[in-house]
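Examination of the molecular architecture
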Amino acid sequence: MTASLKRWTPLLARRLLQAALVALLVGTLCFFMTRLLPGDTAFRIAAGRYGYDMVDAAAAEAVRAELGLNRPWLAALAEWWGRLLRLDLGVSMVTAQPVSSEIALQLGQTLRLSVWAIVLSLLLGPVPGALAGLRPGGWLDRATLALSMLLRAMPPFVFGLVLVLIFSVELNALPAAGHTDAGSLALPALTLAAGLAAVSSRVARDAMVSVRGSAYYGFALTKGLSPWQALLSHGVRNVAAPVVAYVGVQLVYLIEGVVLVETIFAWPGIGHALVHAIFGRDVPMIQGTALVLGLMFVLFNSLVDLACAAIDPRRRPQ
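Bear in mind the structure is a predicted one, so any value in this text is a computation, not a measurement.

Cut-off values and rules
Residues numbered from 1 in each chain as written. Predicted model: local features only at pLDDT ≥ 70, side-chain atom pairs only at ≥ 80, totals over all residues. Heavy atoms only, no water. Axes fitted to C-alpha atoms, helices over the stretch in contact; angles between N-to-C directions. Helix = DSSP H or I, 4+ residues; strand = E, 2+ residues; numbered from the N terminus. Parallel < 35°, antiparallel > 145°, perpendicular 65-115°, else oblique. Left-handed = near helix turned anticlockwise from the far one by under 90°. Contact = heavy atoms within 4.5 Å. Nonpolar A, V, L, I, M, F, W, Y, C, P; charged D, E, K, R; others polar. Core = buried A, V, L, I, M, F, W, Y, C linked by side-chain atoms within 4.5 Å. Buried < 20%, exposed > 50% of the residue type's maximum accessible area, 1.4 Å probe, protein only. Polar contact = N/O pair within 3.5 Å; in protein donor to acceptor, adjacent residues only side chain to side chain.

1. Looking at the packing of helix H8 (residues 156-170) against helix H9 (residues 186-212)
At a closest axis distance of 9 Å, the pairing of H8 and H9 adopts a crossing angle of 140°. The angle between H8 and H9 falls in the class oblique. Both H8 and H9 take part in a crossing whose hand is right-handed. Counting all contacts with H8, which are made through Pro156, Phe159, Gly160, Leu163, Val164, Phe167 and Ser168, the residues of H9 involved are Leu187, Leu190, Thr191 and Ala194. A class-by-class count of the residues in the contact of H8 with H9 yields 8 nonpolar, 3 polar and no charged.

2. Overview of the nonpolar core
Core analysis: the biggest nonpolar cluster contains 51 residues, and Ile103, Leu192, Leu254 and Leu293 have the highest contact counts within it. Once you skip the residues sitting within four places of it in the chain, Ile103 turns out to touch Leu89, Ile270, Met285, Gly288, Thr289 and Val292.

3. What to know about the side chain of Thr144
One can find Thr144 in helix H7 (residues 139-153). Of the polar contacts made by the side chain of Thr144, one reaches the backbone oxygen of Leu140; its length is 2.9 Å. Only 3.0 Å separates the side chain of Thr144 from the side chain of Arg202, close enough to count as a polar contact. Those residues in contact with Thr144 that lie beyond four places of it in its chain are Pro128, Ala132 and Arg202.

4. With respect to the environment of Ile255
In this structure, Ile255 sits in helix H12 (residues 251-264). Here Ile255 falls in the buried class, since its relative accessible area comes to 12%. Those residues within four positions of Ile255 in sequence are excluded, and the remaining contacts are Leu293, Met296 and Phe297.

The quantities given are spatial measurements derived from coordinates; they are silent on function.
Here it is as structure tokens:
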């Protein structure tokens with residue numbers, strides 16, 4: 001084992017332990033919260049299978065006996081823990097398909113949407129914010145501050161509906177929902193990116209102001225470098241480090257927003273599947289989708305840690 005790999009081993013071990021704890025905690029909480037929901041779970045599952053018009057008490061009892069919903073809660077939970085140790089997420093109560101295969105179809109769409117949202121947020125937020133930091137108090141600084149406050153105050157689903165009204169209803173330029181072409185990704189990705197960009201622009205602005213007032217930036221100017229040369233040589237990495245760290249903090253917003261945005265735009269991802277599973281009381285599907293969303297948070301956080309270490313050597317394991 002090389003010295004470099006030995007330095008990174010404790011971080012990787014912590015992330016693996018965090019992933020295991022997330023899997024255990026999320027699955028257990030989803031199990032109990034679903035069982036505590038009001039109403040008849042067997043009736044809801046039967047309605048999801050056959051439709052509400054075709055469901056009666058006999059159909060609900062048949063589903064209850066088939067799925068073992070009359071078993072003690074702790075026995076059912078212990079069975080789920082055992083399957084999880086075997087990396088088996090079970091079978092959907094509504095579709096009778098393996099949860100893992102259904103999630104595999106949806107995970108790619110969710111990752112695609114999330115990655116594009118992060119990329120857009122980095123283009124729409126830090127770049128204008130850094131430019132605003134070059135002239136604190138200028139018109140660009142005031143404009144980005146006002147826009148940032150507006151976007152942060154507006155919930156994602158409201159902003160998404162505004163985008164639909166403008167680009168789909170009025171301009172007829174982009175589809176309002178679905179995933180039939182490349183344009184279908186624009187509105188949901190922009191909806192997610194706006195909230196992330198709203199604060200990352202201010203983080204980049206404050207970092208730029210700090211860089212311009214630092215001793216090392218002033219020393220670079222005294223060596224004969226132009227302001228742009230000094231900024232490119234000594235400022236970009238120092239501005240990028242807090243922005244990337246902020247992305248890690250805001251991953252909760254991203255994972256939470258995926259559920260809302262996919263539902264609004266009928267995007268066939270994990271968040272959309274989670275909402276349908278909750279309505280159908282599909283416990284294995286709820287546990288599986290919530291588990292994957294939690295593991296996505298751990299994965300993205302690990303990537304952010306690696307990116308921060310690549311930008312700032314002080315963050316690298318010694």
